[in-house]
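# Reading the structure
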Amino acid sequence: MSTPNKDIDKVEVRLKWDPSSQGEPPNDLDIIAATYSTEEPYGSPAYLVHFDSRAPDGTITLDRDSRTGQGLGFDEVMTLELDRLSDSYTRVVVGVAIQQRDGRKTFAGVENTVVQILEGYNSLSEDDFAAVGAATAAVVAEFVRDGTGVWRFHDGVRGFDGDADSFAATMGGRPPGV
């Protein structure tokens, strides 16, 4: 069934940061997407997409991955083709986690972080993680399919304290007040 409503079709999440100072362990930030089924929209993710992985159907891909933040422009880029995602999925939550291999590192300890969420040339959101500086990970976007099949974007950055594995397992939990 087609609808005259304009919804979100294809989104790009872009992340950049500065490399660590010389002699310091590398700053390694990762974009993570968690997809949730209609049967369990706030339970365990049906699947995760992060470095070295992609959605089983190819609708969510990590197009660029950096372990250091070195390079020009955005260091990590993930594409979400929501218009092609199966009707069996109703939520996609996107987050950013800082790898904790070399000791605890928070967003406040990583210089010049920026996350942008774009649909084509339209900016849906941009944030520098300043509000969650003490966090080691953060949810940066939530996309929810409504009853008519239209994808809606929910903005807002929510911080998390823990490693990437525990963040990935709980990032799609029910936000406070929902």
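Reading guide: rules and limits
- Residues numbered from 1 in each chain as written.
- Predicted model: local features only at pLDDT ≥ 70, side-chain atom pairs only at ≥ 80, totals over all residues.
- Heavy atoms only, no water.
- Helix = DSSP H or I, 4+ residues; strand = E, 2+ residues; numbered from the N terminus.
- Rg over C-alpha atoms; globule rule 2.2 N^0.38 Å.
- Buried < 20%, exposed > 50% of the residue type's maximum accessible area, 1.4 Å probe, protein only.
- Lys, Arg positive; Asp, Glu negative; His and termini not counted.
- Charge placed at Lys NZ, Arg CZ, Asp CG, Glu CD.
- Salt bridge = Lys/Arg side-chain N within 4 Å of Asp/Glu carboxyl O.
- Contact = heavy atoms within 4.5 Å.
- Polar contact = N/O pair within 3.5 Å; in protein donor to acceptor, adjacent residues only side chain to side chain.
- Core = buried A, V, L, I, M, F, W, Y, C linked by side-chain atoms within 4.5 Å.

## Considerations on the overall build of the protein
- What the protein contains, in helices and strands, is 1 helix and 11 strands.
- Put simply, the protein runs from its N terminus to its C terminus through helices and strands in the order β-β-β-β-β-β-β-β-β-β-β-α.
- Its C-alpha radius of gyration of 16 Å places the protein within 12% of the 16 Å reference for a compact globule of 178 residues.
- The C-alpha extent of the protein, read off along each of the three principal axes, is 55 × 30 × 30 Å.
- The buried share among the 178 residues of the protein stands at 44%.
- In the protein, 16 side chains carry a positive charge and 30 a negative one; their mean positions are 2 Å apart.

## Remarks on the pattern of salt bridges
- Inspection of the entire model under this criterion finds 7 salt bridges.
- Between D28 and R101 there is a salt bridge, with the nearest N and O atoms lying 2.8 Å from each other. Of this pair, D28 sits in the loop between β1 (10-16) and β2 (29-37) while R101 sits in the loop between β6 (89-98) and β7 (114-119), and the two are 73 residues apart along the sequence.
- Residue class for D28 comes out buried when judged on its relative accessible area of 3%.
- The exposure class assigned to R101 is exposed, which follows from its relative accessible area of 51%.

## Points about unusual backbone geometry
- Even without a glycine there, the phi angle at N112 is positive, about 55°.
- Locating N112 in the fold gives a position in the loop between β6 and β7.

## As for the environment of R64
- Residue position: R64 is located in strand β4 (residues 60-64).
- Look at R64 and you get partly exposed, because its relative accessible area is 41%.
- Remark: the alpha-carbon pair of R64 and L82, spanning 18 residues in sequence, is separated by 19 Å.
- Residues contacting R64, with those up to four places away along its chain left out, are F74, D75, E76 and V77.
- Of note is the side chain of R64, whose polar atom sits 2.6 Å from the backbone oxygen of F74.

## With respect to the side chain of D75
- Note that D75 resides in the loop between β4 and β5 (76-81).
- The buried charged residue D75 lacks any salt bridge partner; its closest oppositely charged side chain belongs to R64, at an N-O distance of 6.9 Å.
- At 3.0 Å, the side chain of D75 and the backbone nitrogen of W17 are in polar contact.
- When neighbours within four sequence positions are excluded, D75 is seen to be in contact with L15, K16, W17, R64, D65, S66, G69 and Q70.

## A word on the environment of G173
- Secondary-structure assignment places G173 in the segment after α1 (164-170).
- In the structure, G173 is positioned 80 residues away from V93 in sequence and 9.6 Å away in space, judged by C-alpha atoms.

## Some details on the nonpolar core
- Formed by 35 residues in total, the largest nonpolar core has its most connected members in V92, V94 and F143.
- With 5 residues, the single largest contributor to this core is β6.
- Leaving out residues up to four positions away in the same chain, V94 has contacts with V13, I31, I32, A33, L80, A138, V139, V140, A141, F143 and M171.
- The next biggest cluster of nonpolar side chains, apart from the first, holds 10 residues, and it includes I32, A34, Y36 and A164.

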